[in-house]
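An overview of the molecular structure
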Amino acid sequence: MTIGGSWDDVPPDAATVDRARAAVHAALDAGITDFDHADIYAHGKSEAVFGELLAEDPALAGRVRLQTKCGVRLPGNTAAPGAPAHYRLDRDTIRAGLEGSLRRLRVDSVERFMLHRPDPLADPHEVAGALDELRKEGLIRSVGLSNMSTRQVALYQQLLTTPVTALQLELSLRHRGFVEQQILANHSEGAEHSFPEGILEYCAADGIEVQAWGALARGLYTGAPIPPEDQHAAATAETVHRIAAAHGVSGEAVVLAWLMRHPGGIRPVLGTTDPRRIAACAEAEALAPRLGHEDWYALLTAARGNPVP
Ligand SMILES: NC(=O)c1ccc[n+]([C@@H]2O[C@H](COP(=O)([O-])OP(=O)(O)OC[C@H]3O[C@@H](n4cnc5c(N)ncnc54)[C@H](OP(=O)(O)O)[C@@H]3O)[C@@H](O)[C@H]2O)c1
């Protein structure tokens, strides 16, 4: 979740901290204990606000598991104002990224430290060495990867002595290349869908948790405005609504359960900070195993705008 107010360098105000506290407690009440951070979120304010909550309530640290990310360099944020947006994964940047996050979060270590995106200029041996050092110093428990291909994940697993425990990818009913690729493996339309070949199977075989960012499709199917160019979203939203009503759950639960019903063990990373929406999302856990085969395909069919071939 991204809490921390606007993407500027103004310190978070009391109202932001209050909103964050409400969101974190709504998550805990719903049984959600893992929190996803990154140095860039809201210019570091996402972490800084969380750090304030940990400082005001020392018991909170024992109830949450934190992961954070490094490597994305945005102008005026983690990079100089005139710099282009870029990725950087050299030893010093990785270490400085983690140290900044620990300082803002006011913790001594994090459960998992993620490489946010691959940097084509990075030397994987140097990256792995830097991460292993951080683990030896007790600053991180494990490594996470994000937005990487199957081969990139395999390479880091080979080079690291620190376990790779999670991979974060954009996955949703809207961003559903992972399913299209399976269905269209021997079909001319298959080329239109890009998704790292075999990555879900690779992660399943190696016990790497797959985390889905963008899982709510930013509310596209659950009440957020539908852009006129998105031809299939209205029909998908109707299908979501119908299935939600039949099960007596929220639309958010249906959208998330569609991902969680997949045998890949996908865990959504929720981007909402609205306490009511957090509670609505939490209904997905119970719904996922009950979401019928035909309902799952009805959602897929509506989102793709065509029956499966
Ligand atoms: N690894 C990566 O590269 C990467 C990239 C992006 C994000 N992430 C992580 O993944 C998390 C989730 O991703 P995300 O935030 O991009 O996607 P998301 O969870 O699909 O979308 C969350 C956003 O959609 C809004 N929303 C949801 N339902 C809505 C509705 N019915 N009506 C209006 N607005 C609605 C939420 O607003 P409310 O707060 O008002 O509910 C929030 O702003 C992030 O917070 C971050 O931790 C990782």
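Residues numbered from 1 in each chain as written. Predicted model: local features only at pLDDT ≥ 70, side-chain atom pairs only at ≥ 80, totals over all residues. Heavy atoms only, no water.

Observations regarding the packing of helix α2 (residues 45–56) against helix α3 (residues 91–105)
Where α2 contacts α3, the axes come no closer than 7 Å and their chain directions differ by 40 degrees. In this view, α2 runs oblique relative to α3, as classed from their interaxial angle. Where α2 abuts α3, its residues E47, A48, F50, G51 and L54 lie against S101, R104 and L105. For the contact of α2 with α3, a count of residues per class yields four nonpolar, two polar and two charged. (Axes fitted to C-alpha atoms, helices over the stretch in contact; angles between N-to-C directions. Helix = DSSP H or I, 4+ residues; strand = E, 2+ residues; numbered from the N terminus. Parallel < 35°, antiparallel > 145°, perpendicular 65-115°, else oblique. Contact = heavy atoms within 4.5 Å. Nonpolar A, V, L, I, M, F, W, Y, C, P; charged D, E, K, R; others polar.)

Comments concerning the pairing of strand β7 (residues 164–170)
For β7, the buried fraction is high: five of the seven residues fall into the buried class. Relative to β7, strand β6 (residues 140–146) runs parallel, the two sharing four bridges. Paired with G144 across the two strands is A166, which belongs to β7. This β-α-β element, β6 to helix α5 (residues 150–159) to β7, shows right-handed connectivity. Pairing geometry for β7 and strand β8 (residues 209–213), over five bridges, is parallel. Paired with L169 across the bridge in β8 is A212. (Buried < 20%, exposed > 50% of the residue type's maximum accessible area, 1.4 Å probe, protein only. Pairing = 2+ DSSP bridges. Right-handed = clockwise from strand over helix to strand, strands pointing away.)

Focus on the site of the ligand
Residues in contact with the ligand amount to 27 residues; listed here are only the nearest, D36, N147, R218, T272 and R277. Here a nitrogen atom of the ligand sits 2.8 Å away from a polar atom, N or O, in the side chain of S146. A distance of 3.2 Å separates an oxygen atom of the ligand from a polar backbone atom of G214. Of the residues contributing to the shell around the ligand, the split by class is nine nonpolar, twelve polar and six charged. (Near = heavy atom within 4 Å. Polar contact = N/O pair within 3.5 Å; in protein donor to acceptor, adjacent residues only side chain to side chain.)

Notes on the packing of aromatic side chains
Tallied over the entire structure, the rule returns five aromatic pairs. For the pair F178 and F195, a centre-to-centre distance of 6.1 Å together with 55 degrees between the ring planes defines the contact as tilted. On the criterion of sequence distance, the pair formed by F178 in helix α6 (residues 177–183) and F195 in the loop between α6 and α7 (199–206) is long-range, its members being 17 residues apart. By the burial criterion, F178 is buried, and F195 matches it. With centroids separated by 5.9 Å and ring planes inclined at 70 degrees, the aromatic side chains of F178 and W258 adopt a geometry described as edge-to-face. (Phe/Tyr/Trp six-rings, centres within 6.5 Å; stacked < 30°, edge-to-face > 60°.)

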